[in-house]
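Spelled out, the chains give:
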Amino acid sequence: MLNRRAALAALAGTASLALTVSACGEESEGSTRSRSQGGTVGIAMPTRSSERWLTDGKGVVDGLKSKGYKTKLVYGDDDPKAQLSQIETLVGQGVDALIIAAIDAKSLNGVLKRAADAGILVISYDRLILGTANVDYYVSFDNEMVGRQEAGYIIEKLGLEKGKGPFNIELFAGSPDDNNTKYFFDGAMALLQPYLDSKQLVVRSGQTRMGQLTTLRWDGPTAQKRMSDLLSGWYVGKKVDAVLSPYDGISRGVLSALESRGYGSAGKPFPVVTGQDAELPSVKSIIAGRQSQTVFKDVRALADAAAWMVDDILKDRVTRINDRHNYNNGVKAVPAYLLQPQSIDKTNYEVLVREGYYTAKELK
């Protein structure tokens, strides 16, 4: 069988296949292997502790099965070594493609080299795998836009564009080993930094660098402890007006810490608290007036995109990409297909019902 990357190099010199433009204006790239029938796809997801990743796993499996593929779905349960072992097993079993949502974005170089040598297609799913040339495509959401939507919500609700302030804000970031953390944080800070510079926003703790703000494994209890420490250290007799949180699980931890200090009462309302992933407990929290906002990423569409991308490439069809340059993993710019997120709060959460993501009964 022709090595996949050798075929990629050959195709790079063929103008008609290297880059085309689809009818809707999206970039497309030629693929390298052909299958008349479906093969087997290994799917490595990071954890079962978040409902989001359970939904992703099921969605990818269903999408691939509908196209005639067999699947092998594994969960790393937030253990990078366990995920590495699982991927090694999938490579050894001779899968035709790997879809990987990495726990540790920098830990997979060796196993992906073995996948490349075996001609196995590798798609980085939602989280960009770093430091290796052996990633073929990336499928995700516009991650900087996620951060911008979170920051934009804070700016709007505090009236910062109208000159209001000063307000106290504390900042949280995601897991340090997840490449998306940087994109979320950079997107948010692009909008918030001018207000920090003008002192309309004040971080009383002084913790503004991403390295000070990360939350290992996106863990809610870890965020809760940090928020409790911030309140004890910097907010005795003061109030916090906003919390930039990049993920609903972190937001729930933050809210628990705030509630334990008396926030959520008529005289001491919760600050503006953002989030991401529109997880069911957090959407209910928004409806109840606790969490303020979340960013909805329809992972059904993401799972579907990963499935058709695999199908296109293994059947030697051109596949859609819409970002060729902006997702550099330190070795190369990985061709990407990005979907758009949507900000959700109490005024528009019904869109989740209209689009069939939740039922009205689930949100009660």
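See the structure printed just above.
Residues numbered from 1 in each chain as written. Predicted model: local features only at pLDDT ≥ 70, side-chain atom pairs only at ≥ 80, totals over all residues. Heavy atoms only, no water.

Caption draft 1: Local environment of the overall build of the protein. Counting secondary structure elements, the protein contains 13 helices and 15 strands. Residues counted as buried form 55% of the 364 residues belonging to the protein. Considering only residue pairs separated by 6 or more positions, the protein has 72% of its internal contacts joining residues 24 or more positions apart. Total accessible area on the protein stands at roughly 15,000 Å², and carbon and sulfur atoms take up 51% of it. (Helix = DSSP H or I, 4+ residues; strand = E, 2+ residues; numbered from the N terminus. Buried < 20%, exposed > 50% of the residue type's maximum accessible area, 1.4 Å probe, protein only. Contact = heavy atoms within 4.5 Å. Areas by Shrake-Rupley, 256 points an atom, 1.4 Å probe, with all protein chains shown as cover.)

Caption draft 2: Representation of the nonpolar core in the model. Of all hydrophobic cores here, the largest spans 31 residues; its most connected members are Leu-64, Ile-99, Tyr-125 and Val-310. Taken together, the elements giving at least two residues each to this core come down to strand S3 (40-45), helix H3 (51-66), strand S5 (97-100), strand S6 (121-125), strand S7 (137-141), helix H12 (299-314) and strand S14 (336-339). Per-element accounting of this core gives the leading share, 10 residues, to H12. In contact with Val-310, not counting residues within four places along its chain, are Val-41, Leu-64, Tyr-69, Ala-97, Ile-99, Leu-121 and Ile-123. Ala-102, Leu-108, Val-111 and Val-334 belong to the second-largest nonpolar core, a separate cluster that totals 26 residues. (Core = buried A, V, L, I, M, F, W, Y, C linked by side-chain atoms within 4.5 Å.)

Caption draft 3: The packing of aromatic side chains, seen in detail. Scanning the model with the defined rule gives 7 aromatic pairs in all. With a centroid separation of 5.2 Å and 50° between ring planes, the pair formed by Tyr-138 and Tyr-327 is classed as tilted. Taken together, the residues Tyr-138 in strand S7 and Tyr-327 in the loop between strand S13 (319-321) and S14 connect sequence positions 189 residues apart. Measuring from ring centre to ring centre gives 5.0 Å for Tyr-357 and Tyr-358, while their planes differ by 75°; the resulting arrangement is edge-to-face. By relative accessible area, Tyr-357 is classed as buried at 15%. Here a set of aromatic residues connected by ring pairs shows up, and it is made of Tyr-138, Tyr-183 and Tyr-327. The lysine or arginine in question, Arg-320, covers the ring of Trp-308, its NZ or CZ lying 3.8 Å from the ring centre. (Phe/Tyr/Trp six-rings, centres within 6.5 Å; stacked < 30°, edge-to-face > 60°. Lys NZ or Arg CZ within 6 Å of the ring centre and 35° of its normal.)

Caption draft 4: Just the environment of Ser-256, in detail. Within the element layout of this structure, Ser-256 appears in helix H10 (residues 248-260). Residue classification places Ser-256 among the partly exposed positions, given a relative accessible area of 30%. Considering only alpha carbons, one finds Ser-256 and Met-227, 29 residues apart in sequence, at a separation of 9.0 Å.

Caption draft 5: Here's a closer look at the side chain of Thr-181. Secondary-structure assignment places Thr-181 in helix H7 (residues 180-197). Beyond its immediate sequence surroundings of up to four residues, Thr-181 is in contact with Ala-173, Gly-174, Ser-175, Met-210, Thr-214 and Trp-218.

Caption draft 6: The layout of surface pockets, seen in detail. A volume near 410 Å³ is recorded for the largest pocket. Around the largest pocket, the lining comprises 28 residues; the ones closest to its centre are Ser-50, Trp-53, Arg-217, Trp-218 and Tyr-247. If you tally residues by element for the lining of the largest pocket, the top one is H10, at 3 residues. Considered class by class, the residues forming the lining of the largest pocket number 8 nonpolar, 9 polar and 11 charged. (1 Å grid on protein atoms, 1.4 Å probe; cavity = no way out; pocket = protein on both sides within 12 Å on 5 of 7 lines; lining within 4 Å. Points joined across faces, edges and corners; volume = space filled by probe spheres on them. Nonpolar A, V, L, I, M, F, W, Y, C, P; charged D, E, K, R; others polar.)

Caption draft 7: Looking closely at helix H9 (residues 220-234). Taking 1.5 Å as the rise per residue, H9 with 15 residues should run 21 Å; its terminal C-alpha atoms sit 21 Å apart, in good agreement. The set of residues buried in H9 consists of Gly-220, Ala-223, Arg-226, Met-227, Ser-228, Leu-230 and Leu-231. (Expected span 1.5 Å × (residues − 1).)

Caption draft 8: How the structure looks around the pattern of salt bridges. Taken as a whole, this structure holds 19 salt bridges when the rule is applied. Close ionic contact of Arg-52 with Asp-277 constitutes a salt bridge, the shortest N to O distance being 3.7 Å. Taken together, the residues Arg-52 in helix H3 and Asp-277 in the loop between strand S11 (272-273) and helix H11 (280-287) connect sequence positions 225 residues apart. For the pair shown, Arg-52 and Asp-277 are each scored as buried. Here Asp-117 makes a salt bridge to Lys-113, at a shortest N to O gap of 2.9 Å. Residue Asp-117 and its partner Lys-113 are both found in helix H5 (residues 109-117); the two are separated by 4 residues, about one turn of the helix. The class for Lys-113 is partly exposed, based on a relative accessible area of 42%. Residues joined by salt bridges that share partners form a network here, namely Arg-52, Asp-56, Asp-126, Asp-277 and Lys-297. (Salt bridge = Lys/Arg side-chain N within 4 Å of Asp/Glu carboxyl O.)

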